[in-house]
Amino acid sequence: MTAHIQAQQRIRESTERLEVALAAAKLGLWSWDAATDVVDFPDRAAEIFAIPRGRTMTWTTIQSLLEPEDAVRAKAAVEQAVSLRTDYATEYRINRPDG
């Protein structure tokens, strides 16, 4: 049981470090369920995208918020990550309602 408790502690510490790093860099993190196309936006990611907290969106909808050329590149990156079962990491510009 001790190994399990230690593993949980390491996960908590790692999560805390990630949260501090994201806050310091003014970045957000979101997750996507490919089976349902539903995206989960924690508060900071919702703020970055200028969408209401708790709003459910799809990856398809999110692409419409991106600069067109970035949307094409982001879509290709996601498709590659899904087909190769690898991580997805890319940057893109967002068209926010407030400009």
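Computed from a predicted structure; not experimentally measured.

Asker: Could you give an account of unusual backbone geometry, with specific residues and numbers?
Answerer: The backbone of Lys26 shows a phi angle near 60°, a positive value even though the residue is not glycine. Tracing the backbone shows Lys26 in the loop between α1 (2-25) and β1 (31-33). A positive phi is found at Ala50, a non-glycine position, where the angle reads about 60°. Looking at the element boundaries, Ala50 is found in the loop between α2 (43-49) and β3 (57-58). Here Ala50 falls in the partly exposed class, since its relative accessible area comes to 30%.

Asker: Any chance you could break down the sheet that holds β1 for me, citing the residues and the numbers?
Answerer: The pairing of strands in a sheet happens through backbone hydrogen bonds and is either parallel or antiparallel. Strand order in this open sheet of 3 strands is β1-β2-β3, and the pairing throughout is antiparallel. Since the sheet does not close on itself, it has two edges, and those belong to β1 and β3, each with one partner. The pairing of strand β2 (residues 38-40) with β3 spans 2 bridges and is classified as antiparallel. Across the sheet, the residue bridging to Val38 is Thr58, located in β3.

Asker: If you had to explain the environment of Ile94 to someone new, which residues and values would you point to?
Answerer: With respect to the helices and strands, Ile94 occurs in the segment after α4 (68-84). Distance in space between the C-alpha atoms of Ile94 and Asp70 is 8.8 Å, their sequence separation being 24 residues.

Asker: Quick rundown of the side chain of Gln63? Include the residues and the values.
Answerer: Within the secondary structure, Gln63 is located in helix α3 (residues 59-63). Overall, Gln63 belongs to the buried group, its relative accessible area being 17%.

Asker: Describe the layout of surface pockets, listing the residues and the values that go with them.
Answerer: One number sums up the size of the largest pocket: a volume of about 690 Å³. If you go around the largest pocket, you meet 23 residues; those closest to its centre are Gly28, Trp30, Tyr88, Thr90 and Tyr92. Elements with a minimum of two residues in the lining of the largest pocket: β1, α2 and α4. Split by residue class, the lining of the largest pocket holds 16 nonpolar, 4 polar and 3 charged.

Asker: Account for the environment of Arg12, naming residues and giving values.
Answerer: For Arg12, the location among the structural elements is in helix α1. Sequence spacing of Arg12 and Thr36 is 24 residues, and the spatial spacing of their C-alpha atoms is 28 Å.

Asker: Go over the nonpolar core with me, naming the residues and quoting the values.
Answerer: Across soluble globular proteins, nonpolar side chains have a tendency to be buried as a group. Residues Trp30, Phe41, Phe49, Trp59 and Ile62 are the most contacted members of the largest nonpolar core, which totals 15 residues. Only α2, α3 and α4 provide two or more residues apiece to this core. Once you skip the residues sitting within four places of it in the chain, Trp59 turns out to touch Trp30, Trp32, Asp37, Val39, Ala74, Lys75, Val78 and Tyr88.

Criteria and thresholds
- Residues numbered from 1 in each chain as written.
- Predicted model: local features only at pLDDT ≥ 70, side-chain atom pairs only at ≥ 80, totals over all residues.
- Heavy atoms only, no water.
- Helix = DSSP H or I, 4+ residues; strand = E, 2+ residues; numbered from the N terminus.
- Buried < 20%, exposed > 50% of the residue type's maximum accessible area, 1.4 Å probe, protein only.
- Pairing = 2+ DSSP bridges.
- 1 Å grid on protein atoms, 1.4 Å probe; cavity = no way out; pocket = protein on both sides within 12 Å on 5 of 7 lines; lining within 4 Å.
- Points joined across faces, edges and corners; volume = space filled by probe spheres on them.
- Nonpolar A, V, L, I, M, F, W, Y, C, P; charged D, E, K, R; others polar.
- Core = buried A, V, L, I, M, F, W, Y, C linked by side-chain atoms within 4.5 Å.
- Contact = heavy atoms within 4.5 Å.

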